[in-house]
Amino acid sequence: MLLDTDLESPMKALRVNEVTSGDYGSDSDSMAARLGASIDPLPDEDSTSTMMALEDERPSLMVIFLTFLASISGFMFGYDTGYISSALVSIGDSFGAELTYSEEQLITAATSLGAFITAVISGIIVDYFGRKPVLMVSNILFVVGSIIQCAAHGVWPMIVGRFIMGFGVGTGSLIAPLYIAELAPSSFRGRLVVLNCLGITGGQLIAYGIGAGLDSVHNGWRIVVGLSIIPPAVQFVSFLFLPDTPRFLIMKNDIDKAEKVITRIYNGATPELVHEKIREIQEANAGIRGDSVLQRYWNSVLEIHRVPSNFRALFLACSLQAIQQFTGFNSLMYFSATIFKAIGFNNSTAVSLIVAGTNFFVTILAFFVIDKVGRRRMLMLSLPFMMLFLALCAIAFHFVDIKFENHAAKLNGSVSSWGIVIIVFMICFVASYAIGIGNVPWQQSELFPQSVRGLGASYATATNWVGSLVISSTFFTMLENITPTGTFALFASLTAVSIVLIYFCYPELSNLSLEEVQMVLTGGFNIKTSEKLAKKRKRQHELHRERMSKKAEELIEDEHFDSI
Ligand SMILES: O[C@H]1[C@H](O)[C@@H](O)[C@H](O)[C@@H](O)[C@H]1O
């Protein structure tokens, strides 16, 4: 019979082996074996422990509300990266003369660069000051960046505004999924984090839509940018009245506050369950030692690199973000209008709206299936299809007589049936991306223990922004130098390598509590064990819910009987 206490003992051993002893290099292979042993027989009905009791519950209204509010950061991420392509066209000669190609590139890249910088430094700041205050600072940066852009009458103020806005985007893209993951009951964590991804893809879709609508309006781009002030202002004011995550509060030893927050965010949180939960989090999440911020930062850096389970987590989180970016999706997100124009479509903005729309709607599908199907299975479905459609795009481009030179495309002839084939393949590629690798990497926070979660998430987020910067600034150069066929073939080969990496290294983490994830990453990647444990947890969650609804039915029947 499985008890969660069975799973706690390897947990204690994990800390003794890997952290407390300071023997960072020694990895515990027996851990996997013990973990495997502990999850072997299926649990009976009475085995649901404290942790399960709370982690099983449907998210409370409070959790759903906080998730939506945090997802505003995702929306800003999407909106701010989405509006720029239409804004660049409609800025026209607002700054005295038409923008040169390098000015356009600087304006676009400034946000990614700003985002990269804050993604690197925010990790440690969020572990020190908390998730909520740093999220609120990101709101101020969004607003300041937008105001500077709206008032800009030259290229440089525009670049500075985009750069400052990038600070907000980077910080928000790091904290929002982290905040949500720390609040969510484990059986709903995947879905709730995907809500933030829906914010991103929805923000991109809306930005494209508004941009296309205001295309011919004089100074319409100022309206598009100006509108972006509203969501962060709403998020800022709301968070004035809302709490930080219990896991952060416990790390800071603010137990009273943590108790209050847990009581508010978990349905069915009795005082005993709340205390038990606090004890579990305390046990699993020893804070980082050190007298000053710098010393603690350094110790976190040591711990994330030297503790094998942390390093595995770091490797996975960064690899997933790199795969998401280097398989080329954002080249379509940012430049699909240009590509479609190049292959002969007049209404290219409308066609590129289809790309953003497919990304958004398939992310909705991912929302419904991620916790049921599992992260690993979704990736193993997503990547092979992406590879297939990238390869098909590469082949189809071979039959279109098109040349990219000096950042312009020369098409010989008019739009052909191959052009339509390319669009269909690209849309299938986007759908395959959005169902898996488009959102699973943002589950990154679940990979790390509390003590290095901010730092780990920041490394991974920074990887995402570097990837986005590299792909968006080299895509045209690749089209020119290695042809579209070569470019898409390169993306397809990188996807093939990614499939191998995911197959051998990415365990199934759906339905596991944040503390159990640590056990899975101890002593190896434990793919088989993780799959068994995830399956077992899923069964337990289902059993628990069935029991709860049976109890509720019995209660209603009793009441009915009494009233007769
Ligand atoms: O998860 C998001 C999403 O897929 C966006 O559409 C994409 O532009 C981002 O780069 C990515 O991080």
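Cut-offs and rules
- Residues numbered from 1 in each chain as written.
- Predicted model: local features only at pLDDT ≥ 70, side-chain atom pairs only at ≥ 80, totals over all residues.
- Helix = DSSP H or I, 4+ residues; strand = E, 2+ residues; numbered from the N terminus.
- Buried ≥ 20, exposed ≤ 12 C-beta atoms within 10 Å, placed from the backbone.
- Contact = placed C-beta atoms within 7 Å.
- Axes fitted to C-alpha atoms, helices over the stretch in contact; angles between N-to-C directions.
- Parallel < 35°, antiparallel > 145°, perpendicular 65-115°, else oblique.
- Left-handed = near helix turned anticlockwise from the far one by under 90°.
- Nonpolar A, V, L, I, M, F, W, Y, C, P; charged D, E, K, R; others polar.
- Core = buried A, V, L, I, M, F, W, Y, C linked by C-beta atoms within 7 Å.
- pLDDT = per-residue confidence, 0-100.
- Near = placed C-beta within 6 Å.
- Arc of directions from axis to C-beta.

Draft legend 1. Structural detail: the overall build of the protein. A count of helical and extended segments in the protein gives 22 helices and two strands. Here the protein holds 564 residues, and the buried ones make up 54% of them. Considering only intrachain contacts with a sequence separation of at least 6, the fraction spanning at least 24 residues in the protein is 82%.

Draft legend 2. Inspection of the packing of helix 6 (residues 131–150) against helix 7 (residues 155–183) at higher detail. Put simply, helix 6 and helix 7 touch, their axes get as near as 8 Å, and they point 155° apart. Taken as axis vectors, helix 6 and helix 7 run roughly antiparallel relative to one another. When you trace helix 6 past helix 7, the crossing you get is left-handed. Among the residues forming the contact of helix 6 with helix 7, the class breakdown is 16 nonpolar, eight polar and two charged.

Draft legend 3. Just the nonpolar core, in detail. I180, L390, C393, M426 and F429 are the most contacted members of the largest nonpolar core, which has 150 residues in total. Here this core gets 16 residues from one element, more than from any other, and that element is helix 20 (residues 450–505). For I180, the residues in contact, after removing those within four places along its chain, are T67, A70, L192, V193 and N196.

Draft legend 4. Layout of the confidence of the model for the protein. The pLDDT averaged across the protein works out to 85; a share of 86% of its residues lies at or above 70. This model gives residues 1–48 a pLDDT under 50, and the stretch forms 75 contacts once residues within four places in sequence are excluded. Across the whole predicted complex the pTM is 0.85, and at the interface the ipTM reaches 0.98.

Draft legend 5. Geometry of unusual backbone geometry. We note that N253 has phi near 65°; this positive angle belongs to a residue other than glycine. Inspection of the secondary structure puts N253 in the loop between helix 11 (246–251) and helix 12 (255–265).

Draft legend 6. Fine view of the environment of I323. Within the secondary structure, I323 sits in helix 15 (residues 308–326). Measuring from C-alpha to C-alpha, the distance between I323 and L494 comes to 7.9 Å, with 171 residues separating the pair along the chain. Setting aside residues no more than four positions away along its own chain, I323 makes contact with I437 and S498.

Draft legend 7. Fine view of the site of the ligand. What surrounds the ligand is a group of 13 residues, the closest being I200, T201, N330, M333 and G438. In terms of residue count, helix 8 (residues 189–213) provides more of the shell around the ligand than any other element does, four residues in total. For the shell around the ligand, the class distribution of residues is four nonpolar, nine polar and no charged.

Draft legend 8. Here's a closer look at the environment of L174. Tracing the backbone shows L174 in helix 7. Taking the number of C-beta atoms within 10 Å as the measure of exposure, L174 has 35 and is therefore buried. For the pair L174 and L240, spaced 66 residues apart in the sequence, the C-alpha separation amounts to 20 Å. Excluding residues within four positions of it along the chain, L174 makes contact with A119, S122, G123, A457, S458 and T461.

Draft legend 9. Quick peek at helix 10 (residues 230–239). Three or more residues of helix 10 are buried, namely P231, P232, Q235 and F239. Axial view of helix 10: buried residues confined to an arc of 95°, hence all on one face. Facing away from the buried surface of helix 10 by more than 90 degrees, the exposed residues are I230 and V237. Turning to helix 10, the residues buried within the fold contact helix 4 (61–91) and helix 6.

Draft legend 10. Region of the structure containing the packing of helix 4 against helix 5 (residues 101–129). Interhelical geometry of helix 4 versus helix 5 gives an angle of 170° and a closest axis separation of 10 Å. By the criterion of interaxial angle, the relationship of helix 4 to helix 5 is roughly antiparallel. The residues of helix 5 that touch helix 4, namely those facing D80, T81, I84 and L88, are E104, I107, T108 and T111. Partitioned by chemical class, the residues of the contact of helix 4 with helix 5 number three nonpolar, three polar and two charged.

Draft legend 11. Fine view of the environment of S510. By the secondary structure assignment, S510 is in the loop between helix 20 and helix 21 (514–520). S510 gets classed as buried once you count the C-beta atoms within 10 Å, which come to 26. Along the chain, S510 and G374 lie 136 residues apart, while their C-alpha atoms are 5.3 Å from each other.

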